[in-house]
Amino acid sequence: MSRSASLRVSLGFIALAMVCLAFGDFEISTHDPWQELGRIFLGLIAPDFAAVDFLGEAILRTLAFAFVGVGLGAAGGFLLALLFRHLWVRTFCAVVRAIHELFWALIFLQFFGLHPLTGVLAIAIPYAGIFAKVYAEILDESDPQPAHTLPRGTDHVSGLVYTRLAQAWPHVVSYTAYRLECGLRSSAVLGFVGMPTLGFYLESAFAQGAYGSVGALLILFYLLIGTLRWWVRPRLLPLYLIAAPFLLGTGLPIVWSNVSRFFTQDIVPAPLRNGEGLEGLIPWLGNLLVNQALPGIWNTLLLTQIALVLTGILAMALFPLISHHFTGRHGTGRLKGMLGHIVLVVMRSTPELLLAFILLQLWGPSMLPAVAALALHNGGIIAHLVGQRSNQITLRQDAPRGIDRYAYEVAPRVYGPFLALLFYRWEIIMRETAILGILGITTLGFYVDSAIQEIRFDRAMVLILITALLNIGVDILARRLRNYLRLRHSINRQSC
Amino acid sequence: MQSLALQDAVADYGATRVLGPLSLTIDPGERIALVGKSGVGKSSLLSVMYAQWRDREATLLPQDLGLVPTLSVFHNVYMGGLARHRAWYNLATLLRPFHRDRQTIQPLLERLGLGDKARSPCGELSGGQRQRVAAARAIHQGGGILLADEPVSALDGPQAEVVMQMLVDAFPTAVLAMHDLDLALRYCNRVLGIHDGGIVIDQPSDRLTTNDLMPLY
C-alpha cells in the first residue's frame, strides 16, 4: 500500500510542478550567458591566491561568525530544549526558526547597524530554535529506564546529566557538528547583506570582475567544509569557541537611539503611528496584502514546488555517484566514489544564495537561476544522504547490474527514505526561496527587501511574519504527508 | 528497618489485570524469591513494590538493567551513589572520578570479574558483563531492601553464585524474581509462587524442594 501511495503522491507533486512551470518566468535575458560561465570556470581552474590578506580576512571572519553564532545558538537551544514540553516554548521556537538568518540580519541591521552583534544574533537566534527542537527530540529518545532506577534523592542536575544527557551526548555532538557546517554556510551568506564574511568579498570580487579571486574564495570555502571533520575536534572546540569572539572584527558602533526608535516608531504600522487608528490600519493591511504579500506568496509557492521536484529528480539521479553498488568498492571503484563525493560536497557546500547569485550573473533575472540554485544545492544534500543510505543495503551476490540494479534493487529500497528527506527539505526550500528575493527574484524576500530599502520597516515586519507563517504551514503539511505515507524520520535530522 | 507491607495491590496492563489484588508483609531479614512462569506478573509485582517503597530506600535492579550505554562501567556503578553527593561533585566525577570513589568501586568490580573494565563504555560489554555492572550499581547504592528482577539470568553457574552471594550479603532484605529454582531455594529464605496474578505458594524455602515448585510451570 505504502508504495502505491508514495507513487501517487510523487506523481501529484510532479503534475503540480508542471502546472507551476507554465506560470513561471524562465527566460535567459543576458546577452552572452556562457561567456560569463567560462570566466568563472577559468577562475576556478586558475584561482588567484595573491591577495592573501583579503582571502585570510574573508575566511577568518566567516569562521568566527559561524563559531560564535552556532555556539550561542547551541547553548540557548539546549536551555530551551529542557523547557520544550511547554507550548509557549515550542511556539516561540517554531516562529524564530521559520525566519531565515538573512531576514534576522536585515532586522538587526536596522538598529544595531554593521556591528558584529547583528551577524552573531542572525545566526544564533534561528539556530537556537532549531537546536531546541532537535535536542528535545534526542533527549526524548533516550531510554527512560536509567532515570527510573536512580537512587531517591538524586539532585535534578546530576540525574539529567548522568541519565538522559549521557545517553544523548553522542547524538547531540554529531548534530551540533553538522550544524556547524550549516553555520559556516549561513555565515558566508551573511556577507551578502554587509557582514564582513565570505559573501561580502565574493560580491565585491564579482563586481570588480576579479574571477581569479572568486575562484580562490570558492575553493578555500570548499576546502574548509570538506576538511571539517579533521580540524573540528572535540578537544580543539573549546579553543575555537574562546578565540572566535575576538575575531569578529569591530564593525561600526551601535547607536542606541536607533534601537529604541526601531521598536517604538519604525515597526509600528504607519496608520497607527500617524494616529489614524483602526480605520487606517485595515486599508493599509489590505493594500499590503494585495500588492505585495499575495504576489510574493504566489511566486514563492510556484518556485518552491518546481524546485522541490527538480531537487528530487536530481537527488535520485545523482545518489549512485557515491553508492558502492554502482561505483564498486575496490580499486577504481573507490576512486570513482571519491570523485562522486567531491561533486556532491561542492554541490551541497555552495549555499543556495551564493549559487543563485552566480547564476543570476550568468542568466539575468528570472526564476531560472533560483530554481537551478535550489535544486543543485538541495539535490546535492539529499543525493549524499540517499547514497549513504544505499550503502547500508546488502544486495544478494547475483543481483542484476547497471540500470536494472538501479531500478529493481536499489531505487525501490531507498525511495521511502528519499521521500522523507525531501519532505523534510520542503520547508527549508521554501525558506530559501523566500530569501532569494533579496537578489531581485520576486518572491517574498524581494518585497521585504524593497520595504526595507524604502525605510518602511512596519511593512517589512508584516511580510516577514507572513513568510514565517507560510513556512510553518508547509512544515505542518509535510509532517502530515510523512505520517500519511508512514515515512519514518529516524534516518536523519538534516535541516539546513 | 520496619516491616514493609502491600495492601490489596493491583497492576493493570491496559484493560487487563495482570496482578492482584494481593497483600503481603515483608519482615527485615527476609529474602524472598518470586517464582512462576514468565508473564505471570513477577515483574509487575516488583514494579508495584518499587513504586510503594521507593521513599523507604528500596533499590531496584530491573530486568533491562537501566544502564547508560554511553557511560563507563565506573560511572554506571557510581550512579548508585548519586544521591549521596552534591551536584557539583557528581559533575566533576563525570569529567574525572575522585580517587576515593575509585577506591570504593574498584574492589567491587574486581570481585565481579570486571576489574579491567572500569573505563569501558557499558555499551561495549556482553550481556553477562552488563548484568554484573547493574548488580554492582545496586550494591554500591545500598539501601534497606533490594528489588531485583532476574538478577543473574545471563550468568553461568559459578558467576551466578558469586553475584547472588554478593547481593544477599549487601541486602539482608530482598525480593528477587528468579527463574533458576535451585538458586532461588539456596539463596532465599522465603518463596512466593505466583500464578495468574496471585500468590499460590508462600513457604519458607527450607520446607520446599524444586519438585514442589514444578506445578507452577
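The rules behind the values
- Residues numbered from 1 in each chain as written.
- Chains lettered and ligands numbered in written order.
- Predicted model: local features only at pLDDT ≥ 70, side-chain atom pairs only at ≥ 80, totals over all residues.
- Helix = DSSP H or I, 4+ residues; strand = E, 2+ residues; numbered from the N terminus.
- Rg over C-alpha atoms; globule rule 2.2 N^0.38 Å.
- Contact = placed C-beta atoms within 7 Å.
- Nonpolar A, V, L, I, M, F, W, Y, C, P; charged D, E, K, R; others polar.
- Axes fitted to C-alpha atoms, helices over the stretch in contact; angles between N-to-C directions.
- Parallel < 35°, antiparallel > 145°, perpendicular 65-115°, else oblique.
- Left-handed = near helix turned anticlockwise from the far one by under 90°.
- Domains from an automatic or database assignment.

Draft legend 1. Examining the overall build of chain B more closely. Secondary structure summary: chain B contains 8 helices and 8 strands in total. Taking 17 Å as the expected radius of gyration for a compact globule of 217 residues, we find that chain B reaches 18 Å, a close match to that expectation. Principal-axis analysis of the C-alpha atoms gives chain B an extent of 50 × 35 × 35 Å. In chain B, of all internal contacts separated by at least 6 residues, the share reaching a separation of at least 24 is 67%.

Draft legend 2. Geometry of the interface of chain B and chain A. Opposite the 21 residues of chain B that make contact, chain A presents 20 residues. Top contributing element to the side of chain B that touches chain A by residue count: helix α3 (residues 87–95) of chain B, with 4 residues. When its residues are assigned to classes, the side of chain B that touches chain A shows 12 nonpolar, 5 polar and 4 charged.

Draft legend 3. Structural view of the packing of helix α9 (residues 198–207) of chain A against helix α10 (residues 211–226) of chain A. All names here are of chain A. Packing of α9 against α10 brings their axes to within 9 Å, and their N-to-C directions diverge by 155 degrees. Taken together, the axis directions place α9 and α10 in an arrangement best described as roughly antiparallel. The two elements α9 and α10 cross, and the hand of that crossing is left-handed. Between α9 and α10, the residues in contact are Leu198, Tyr201, Leu202, Ala205 and Phe206 and Ser213, Val214, Leu217 and Phe221, respectively. Within the contact of α9 with α10, the residues separate by chemical class into 8 nonpolar, 1 polar and no charged.

Draft legend 4. Just the domain arrangement of chain A, in detail. Residue and element names in this part refer to chain A. What the domain assignment lists for chain A is domain 1 (1–30 + 274–496) and domain 2 (50–266). Placing the centre of domain 1 and that of domain 2 at their C-alpha centroids yields a distance of 22 Å. Contacts between the two partners involve 21 residues from domain 1, matched on the other side by 27 residues from domain 2. Mapped by element, the contributors of at least two residues to the side of domain 1 that touches domain 2 are α17 (332–349), α18 (352–363), α20 (402–436), α21 (444–453) and α22 (457–484). Here the side of domain 1 that touches domain 2 gets 5 residues from one element, more than from any other, and that element is α22. Here the residues of the side of domain 1 that touches domain 2 sort into 15 nonpolar, 4 polar and 2 charged.

Draft legend 5. Structural view of the domain arrangement of chain B. All names here are of chain B. Domain annotation for chain B reports domain 1 (1–57 + 145–217) and domain 2 (66–142). Elements with a minimum of two residues in the side of domain 1 that touches domain 2: β5 (145–149) and α6 (157–170). Considering every element that reaches the side of domain 1 that touches domain 2, the biggest residue donor is α6, with 6 residues. Taken together, the residues of the side of domain 1 that touches domain 2 break down into 11 nonpolar, 1 polar and no charged.

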